[in-house]
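# Structural overview
Residue-level listing of the chains:
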Amino acid sequence: MESSSASIAANSLYYWNYFNLILLCPILAISFALFFILLGWFLAWKLVLVHVPLIQEIFGMRKKPVNPKPPLRRRFSRFYKGINATNSASD
C-alpha cells in the first residue's frame, strides 16, 4: 500500500519536472527577455526618440510652438540699451 502511494508521489514529481522543463522554463525565459526589451524601448522612447523630428512627424506629435522673444526681455538688455542711448545723445 505504501509503495503505491510512494509511486504516485514519484510520478507526480516526475510529471512536475517535465512540466517545469518543457513549459514553465521557456515561458519564464521569454517573458524575462521581453520585459527587458520593452523596458529598454520605453526608456529609449521617453529619453531620446520623442525628441527626434522624424519620429515626431511619423507619429503626428507636435512640437511646442516657439514664441518669439521680445527685444527687451531682461535687465541687461535694458541696461545696455540705456547706456547706448546716453552715449549716442552725448555724441
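Residues numbered from 1 in each chain as written. Predicted model: local features only at pLDDT ≥ 70, side-chain atom pairs only at ≥ 80, totals over all residues. Heavy atoms only, no water.

What follows deals with the overall build of the protein chain. Across its full length, the protein chain holds 3 helices and 0 strands. Counting helices and strands in the order they occur from the N terminus, the protein chain gives α-α-α. Taken over 91 residues, the protein chain has a buried fraction of 3%. Taken as a whole, the protein chain presents about 8,800 Å² of accessible surface, with 69% of it coming from carbon and sulfur. (Helix = DSSP H or I, 4+ residues; strand = E, 2+ residues; numbered from the N terminus. Buried < 20%, exposed > 50% of the residue type's maximum accessible area, 1.4 Å probe, protein only. Areas by Shrake-Rupley, 256 points an atom, 1.4 Å probe, with all protein chains shown as cover.)

A few words now on the packing of aromatic side chains. Applying the stated criterion across every chain, the model contains 4 aromatic pairs. Between Phe 35 and Phe 36, the aromatic rings sit 5.3 Å apart at their centres with planes inclined by 70 degrees, giving edge-to-face as the arrangement. Owing to a relative accessible area of 44%, Phe 36 belongs among the partly exposed residues under this scheme. Taken together through their ring pairs, the aromatic side chains of Phe 32, Phe 35 and Phe 36 make up a single cluster. (Phe/Tyr/Trp six-rings, centres within 6.5 Å; stacked < 30°, edge-to-face > 60°.)

With that settled, the discussion passes to the confidence of the model for the protein chain. Low-pLDDT portions of the prediction should not be read for the details of their coordinates. On average, residues of the protein chain score 79 in pLDDT, and 78% of them are at 70 or above. Mean pLDDT in the protein chain bottoms out at helix H3 (residues 75–90), which sits at 72, and peaks at helix H2 (residues 53–59), which reaches 84. (pLDDT = per-residue confidence, 0-100.)

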